[in-house]
Amino acid sequence: MEGIFTVEELQNMLPEYREVDAVTCATFAVISAVSLIFEFKFSEPGKFKKAKKITIEGEKTLTGPAPNETLGIADGIASKPLFIKKLLNGESVTATIVAEKMDGSTATIERKLHLKDFLYAKLLFTRVCVKNYMGFVTDTPVKTIFAPDTLHPGEFTFSGCGTLNPLEHFNIKPGEKIFIAGTTGLVTGNGTRSTREKPNLSVMCDLKEVKQEYFGLFRTGGGTEYYVGLGTIKPVENYEEYRKLTVKSHENIPLPVANVNGRKPITTLTYKDVWKFDESFNFNIKKCRKCNPCLVEEGCPAEAFSKDEGFLPQCMFCGKCLTMCPFNAIEGNAGTVEINGKSHRITFRQSSIKKAREIAEKLKNNDDFDKIVKV
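The rules behind these values
- The numbers attached to residues start from 1 for each chain and follow its sequence in the written order.
- Selection of residues for local features in this predicted model requires a pLDDT of at least 70, selection of side-chain atom pairs for listing and counting requires 80 or more, and totals for whole chains, interfaces and linings are taken over all residues.
- The basis for the side-chain values is all heavy atoms of the structure; hydrogens and waters are excluded.
- The term salt bridge refers to a pairing of a side-chain nitrogen on Lys or Arg with a carboxyl oxygen on Asp or Glu at a separation within 4 Å.
- Labels follow the DSSP assignment, with helices taken as runs of H or I lasting at least four residues and strands as runs of E lasting at least two, numbered in each case from the N terminus.
- Throughout this description, buried means an accessible area under 20% of the type-specific maximum (1.4 Å probe, protein chains only), exposed means over 50%, and partly exposed covers the range between.
- Here a patch means residues that are over 30% exposed by relative accessible area and free of salt bridges, tied together within 9 Å if like-charged and within 5 Å if nonpolar (Val, Leu, Ile, Met, Phe, Trp, Tyr).
- Method for areas: the Shrake-Rupley scheme with a 1.4 Å probe, in which residue coverage is limited to the protein chains shown.
- His residues and chain termini do not enter the charge count, which takes Lys and Arg as positive and Asp and Glu as negative.
- Every charge is mapped to an atom, namely NZ of Lys, CZ of Arg, CG of Asp or CD of Glu.
- Contacts described as polar in this section are N or O atom pairs within 3.5 Å, which, within protein, must combine one atom able to donate a hydrogen with one able to accept it, while residues neighboring in sequence count only if both atoms come from side chains.
- For each structure, a 1 Å grid was placed over the protein atoms alone; sets of points admitting a 1.4 Å probe that cannot get out are labelled cavities, open sets with protein on both sides within 12 Å along at least five of seven lines are labelled pockets, and lining residues have an atom within 4 Å of a point.
- Grid points are joined across faces, edges and corners, and a volume is the space filled by probe spheres set on the points.
- Any residue outside Ala, Val, Leu, Ile, Met, Phe, Trp, Tyr, Cys, Pro, Asp, Glu, Lys and Arg is labelled polar, Gly included; the first ten of those are nonpolar and the last four are charged.
- Criterion used throughout: strands pair if DSSP finds at least two bridges between them.
- We define the nonpolar core as a collection of buried residues of types Ala, Val, Leu, Ile, Met, Phe, Trp, Tyr and Cys that are connected through side-chain atoms lying within 4.5 Å of one another.
- Any two residues whose heavy atoms approach within 4.5 Å at even a single point are treated as in contact.

Explanation requested: the pattern of salt bridges in the structure shown.
Side chains that differ in sign of charge can pair as their charged atoms come close. Taken as a whole and judged by the stated rule, the model has 19 salt bridges. Notably, a salt bridge pairs glutamate 9 with lysine 364, separated by 2.8 Å at the nearest N-O pair. Taken together, the positions of glutamate 9 in helix H1 (residues 7-13) and lysine 364 in helix H6 (residues 353-365) put the pair 355 residues apart, joining distant regions of the chain. In this structure, the salt-bridge partner of glutamate 213 is lysine 355, at a minimum N-O distance of 3.6 Å. Here lysine 355 lies in helix H6 and glutamate 213 lies in the loop between strand E17 (201-206) and strand E18 (215-220), a separation of 142 residues in the sequence. On the basis of relative accessible area, glutamate 213 is assigned to the partly exposed category, the value being 30%.

Written out as structure tokens, the structure is:
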């Protein structure tokens, strides 16, 4: 779209300041901090005083905060809603409600719920879009959320999309609209653990509107987490903003490196050091033996590979698949980095610059997103 550039385009093309109306930025990463605030009907009005306990697919939720007395409506917060995978796949989930009857006794009710049955279903991302995150190494094998399974000595894992990250360039304020999880979300403010030096955002959006290409579950060595894509389009209002956008690129954005045990920084790289390698990989179908089961299909943390279709739209090319196929049907180079004189192999990328770039391009070229997200 004329007058709108992705931040990378701006830095590569260096158009005249007067030619630039707005810039798009984006990030795509594995995250932990997601909750679901929900509401659904479990009974006809007048049969029960209120819901006292709610579990969904065996996951305990925080009931309330409003009791909705006598309305037959249950509301609550699921702090780790892994059941959303079923909802997004069009499947039903089982909700078990312990409800107080009008006489004070209790009864247990079960309901099968599809996503459409929720009267309210909002995702709250309490920490996304972390500016200038970190890379990790380890002295001993450790299962961690920063690896798809176990992080070993000599391996390196990192997160962050460098210059594409919106917070590298802009101060995003509460109340702004933002692209998240395939839909439009609302920034509620700074997220948890946000600091002036390393800010992040808290964002809310409607679960019924998200797309699995941009949001879903992701398995790690420390448990199941989530992947999410986020992006924004911001007007360039003066020459000083334009100038800052042109100079802050991968090679001068620091990437601190720490030992994953204790997270004590030991050195600093740049995002150029980690994003100069293959951003995506190739599925060589000629080498594929159609194994049953397929180790790549079974082991992909995001269930983003099919031996019949190859890489699926939600694939973030994290790198785990490069060592999973015994016949080397997955081809690519995630790279190596030098840390204090020793070479470390990049075995897991917690972010996807390819997906971030796709979101930035989508925001640039889609009139609807331009109208919805631009402030």
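Explain a negative patch on the surface here, please?
Residues Glu2, Glu16, Glu19 and Asp21 make up a contiguous surface patch of negative charge. Topologically, glutamate 2 is positioned in the segment before strand E1 (4-6).

Looking at this model, I keep getting lost on the side chain of glutamate 59. Mind explaining?
By the element assignment, glutamate 59 lies in strand E5 (residues 59-60). Buried charge glutamate 59 goes without a salt bridge, the closest partner of opposite sign being lysine 80 at 9.1 Å. At 3.2 Å, the side chain of glutamate 59 forms a polar contact with the backbone nitrogen of leucine 82.

Just to check I follow, could you spell out empty space enclosed by the protein for this structure?
Any empty space left between the atoms is revealed when a probe the size of a water molecule rolls over them. For the structure shown, the criterion picks out three cavities of 30 Å³ or more. The calculated volume of the largest cavity comes to roughly 120 Å³. Looking at the largest cavity, it is lined by 16 residues, and the ones nearest its centre are Cys288, Cys291, Cys294, Val296 and Cys325. Split by residue class, the lining of the largest cavity holds twelve nonpolar, no polar and four charged. The space that makes up the second largest cavity amounts to roughly 100 Å³. Taken together, 14 residues form the lining of the second largest cavity, with Cys300, Pro301, Cys315, Phe317 and Cys318 sitting closest to its centre. For the lining of the second largest cavity, the class distribution of residues is 13 nonpolar, no polar and one charged.

For this particular structure, what's the right way to read the pairing of strand E16 (residues 183-190)?
As a general feature of sheets, a regular strand has side chains that alternate between the two faces. Sheet topology places strand E15 (residues 177-180) next to E16; four bridges connect them, and they run antiparallel. Bridge assignment links lysine 177 to a residue of E16, and that residue is leucine 186. What sits between E15 and E16 in their antiparallel hairpin is a turn of two residues, with alanine 181 showing a positive phi close to 60°. The pairing of E16 with E17 spans four bridges and is classified as antiparallel. Bridging from a neighbouring strand, glycine 189 pairs with serine 202 of E17.

Please explain the nonpolar core as it appears in this structure.
What tends to happen in soluble globular proteins is that the nonpolar side chains get buried as a cluster. Residues Phe40, Leu123, Phe125, Phe156, Leu207 and Phe215 are the most contacted members of the largest nonpolar core, which totals 115 residues. Aside from chain neighbours lying at most four places away, what touches leucine 207 is Leu36, Ile84, Leu87, Leu88, Leu115, Ala121, Lys122 and Leu123.

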